[in-house]
Amino acid sequence: MSQRHSPPTEYTPRAWLVIFGAFTCAFCTVGFMNSFGIFQEYYTKNQLSSSSTSTIAWLGAIAMFFLFAISIGAGAMLDIFGPTFMVYLGSFGCVFALMMISLCEEFYQFLLAQGVLLGISMGLVTWPMLALVGQYIKVKRAAAMGIVLAGSSLGGVIWPIAIDRLINEPIIGFPWTMRIVGFVMIPCFIFSCAAAKSPNKPTATVESRDTNLANNGNVTEQKDKTQSHRAEAMALLRKPSLQLLCLAMFIIYFGMFSPFFYTTSYAVEKGFSTSLAFYTVSIVNGASFFGRIIPGIIADKFGKFNCCITATISAGVIALCWTKVTSVAGLVIWCAAYGFASGGILSLQQACAAQVATSTTLGLAIGTVSGSTALSAMANVPISGALAEKYGYLSLSIFSGASMLLGGLLLIAARLVQNRQLRAII
């Protein structure tokens, strides 16, 4: 039982520096990605007015795909080489992409800058920083990761409002809005880069190196370590708990982001005021901020998988009630409830991945689970748009809720594979 209590030295000043560095990173990456609805509306009326809405939506879908797809390679590289190079490269790439977006005029230019380059760069800086937190914090890990991912929720509140105000200011306009965003992100990324340092190697590793003084001995030891890490990685990928977790998140991501992207259009269709419709995304993200921290704290006591299952099923039920919202108070409450429940999924997903990994395969586990959602996260945007356009929001509500409920069943299977006792803390 004593192992479940955080040792006094776990949350050291260095660990807190990494947590806040990852927080600012999530604020600038995933948080900024949550503001794509503003760009969707702006591009439709301005630079890309000749393109259809569904075509423009692919910019956000492609960026989201690369953000998640790059996590597999980034996580594996973290376990071997550490985070420094990837975080530096990703930080530079994000700022460079924003500056290039300010110069774009054609669809293919936006696709390359905002879809491909920005998505890859965000993936390179986001996942190593998140896995790095797991390397520092081992006992109260869910709470730490919840704090980090709350940065993306804070970004989802601030970035849409700030970008909307700047982009509609005649003196500033679109080009300088993107440059200002890039300049604001520079000090945030500098802080993240300063924090991107792996924890000290275990003493046992140092002692084993000292015993191999001869050059041949060092070469043999290095080969053994490489083979050992490869064997650990393969053993991790063969774990049923990890495979079921990946499948569950793949299904969940098909519908989880639908309310994030389409609450505004739903509110407009139902006749709510434009200002209220605009702020629904901020309400969802604001509630998601608390939904990523509080469930993480609870999960360290009652189990990561247990709490993730609860959050997923709750979010699925709330999504099924979407079209029953017909009043202003109901819309606000629904947005807050869904934001809180879905926030728990996003934070506990990484904690569950870290739980099934070892200390040397932590990056690979988090990267594999995140990477498994790349295709479904990308497909979520066009599928949701097509459902809402052709069949109405009831079909979108059912699709979103059903995907999360099915994912919740798979999470239950992943939990039972580890321990079949219903009251076990898993």
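Scroll up to find the structure.
Per chain, residue numbering runs from 1 following the sequence as it is written. Thresholds applied to this predicted model are a pLDDT of at least 70 for local features of residues and 80 or more for the giving and counting of side-chain atom pairs; totals over whole chains, interfaces and linings are not thresholded and use all residues. Side-chain numbers come from the whole structure's heavy atoms, not from hydrogens or water.

A. Broad picture of helix α7 (residues 141-167). Numbering of helices and strands starts at the N terminus; helices are DSSP runs of H or I of at least 4 residues and strands are runs of E of at least 2. Given the number of residues in a helix, its expected span is that number minus one, multiplied by 1.5 Å. Here α7 contains 27 residues, and its C-alpha end-to-end distance of 39 Å stays within 8% of the 39 Å for a straight helix at 1.5 Å per residue. Values of bend correspond, residue by residue, to the angle between axes fitted over the seven residues ending at that residue and the seven starting there. A maximum bend of about 25° is found in α7 at Gly155.

B. Geometry of the nonpolar core. The nonpolar core is taken to be a set of buried Ala, Val, Leu, Ile, Met, Phe, Trp, Tyr and Cys residues, with the residues joined through side-chain atoms within 4.5 Å. Remark: exposure states derive from per-residue accessible area (1.4 Å probe, protein chains only) relative to the maximum for the residue type, with buried under 20%, exposed over 50%, and partly exposed in between. The biggest cluster of nonpolar side chains holds 130 residues, and the ones touching the most others in it are Phe32 and Tyr43. Counting residues per element, this core draws most heavily on helix α6 (residues 107-136), which supplies 13 residues. Here, two residues are considered to be in contact whenever any of their heavy atoms come within 4.5 Å of each other. Setting aside chain neighbours within four positions, we find Tyr43 in contact with Leu48, Ser49, Ile56, Leu59, Ile101, Phe110, Gln114 and Phe174.

C. Examining the packing of aromatic side chains more closely. Pairing of aromatic rings covers Phe, Tyr and Trp, the last counted by its six-membered ring, and requires centre-to-centre distances within 6.5 Å; plane angles under 30 degrees mean stacked, over 60 mean edge-to-face, and any other angle means tilted. One pass over the structure, following the stated rule, counts 25 aromatic pairs. With a centroid separation of 5.1 Å and an interplanar angle of 40°, the aromatic rings of Tyr11 and Trp16 are classed as tilted. Taking the relative accessible area as the measure of exposure, Trp16 reaches 31% and is therefore partly exposed. Ring plane angle 40° and centroid distance 5.9 Å describe the contact between Phe39 and Tyr43, whose orientation is recorded as tilted. In this pair, Phe39 and Tyr43 both sit in helix α3 (residues 36-45), four residues apart, roughly one turn of the helix. A residue is classified by how much of its surface remains accessible, and Phe39, at 1% relative accessible area, is buried. Here Tyr43 falls in the buried class, since its relative accessible area comes to 0%. Clustering of aromatic rings is evident, with ring pairs tying together Phe68, Trp127, Tyr253, Phe257, Phe260, Tyr266, Trp322, Trp334, Tyr338 and Tyr393. Sitting over a ring, as applied to charges here, requires NZ of Lys or CZ of Arg to be within 6 Å of the ring centre and within 35 degrees of the ring normal. Taking the ring centre of Trp176 as reference, the NZ or CZ of Arg179 above it sits at 5.0 Å.

D. Main features of helix α11 (residues 240-252). Compared with an ideal rise of 1.5 Å per residue, which puts 13 residues at 18 Å, α11 spans 18 Å between its outermost C-alpha atoms and is within 8% of the ideal. Burial in α11 covers these residues: Ser241, Leu242, Leu245, Cys246, Ala248, Met249, Ile251 and Ile252.

E. A look at the packing of helix α4 (residues 53-81) against helix α17 (residues 374-391). Helix axes are fitted only over the stretch in contact, all axes being lines through C-alpha atoms; the angle between N-to-C directions runs from 0 to 180 degrees. Interaxial distance between α4 and α17 falls to 8 Å at its minimum, and their mutual angle equals 165°. Classified by the angle their axes make, α4 and α17 are roughly antiparallel. Here α4 runs over α17; the crossing is right-handed. Residue-level contacts link Ala57, Trp58, Ala61, Ile62, Met64, Phe65, Phe68 and Ala69 of α4 to Ala374, Leu375, Ala377, Met378, Val381 and Pro382 of α17. A breakdown of the residues in the contact of α4 with α17 according to their chemical character gives 14 nonpolar, no polar and no charged. Should an angle fall under 35 degrees it is taken as roughly parallel, and over 145 as roughly antiparallel, whereas 65 to 115 is taken as roughly perpendicular and any remaining angle as oblique. By the definition used in this description, the sense in which the near helix is turned from the far one sets the handedness, with an anticlockwise turn below a right angle giving left-handed and a clockwise turn giving right-handed. Think of it as three bins: nonpolar holds Ala, Val, Leu, Ile, Met, Phe, Trp, Tyr, Cys and Pro, charged holds Asp, Glu, Lys and Arg, and polar takes everything else, Gly as well.

Limitation: the analysis is restricted to geometry and does not speak to function.
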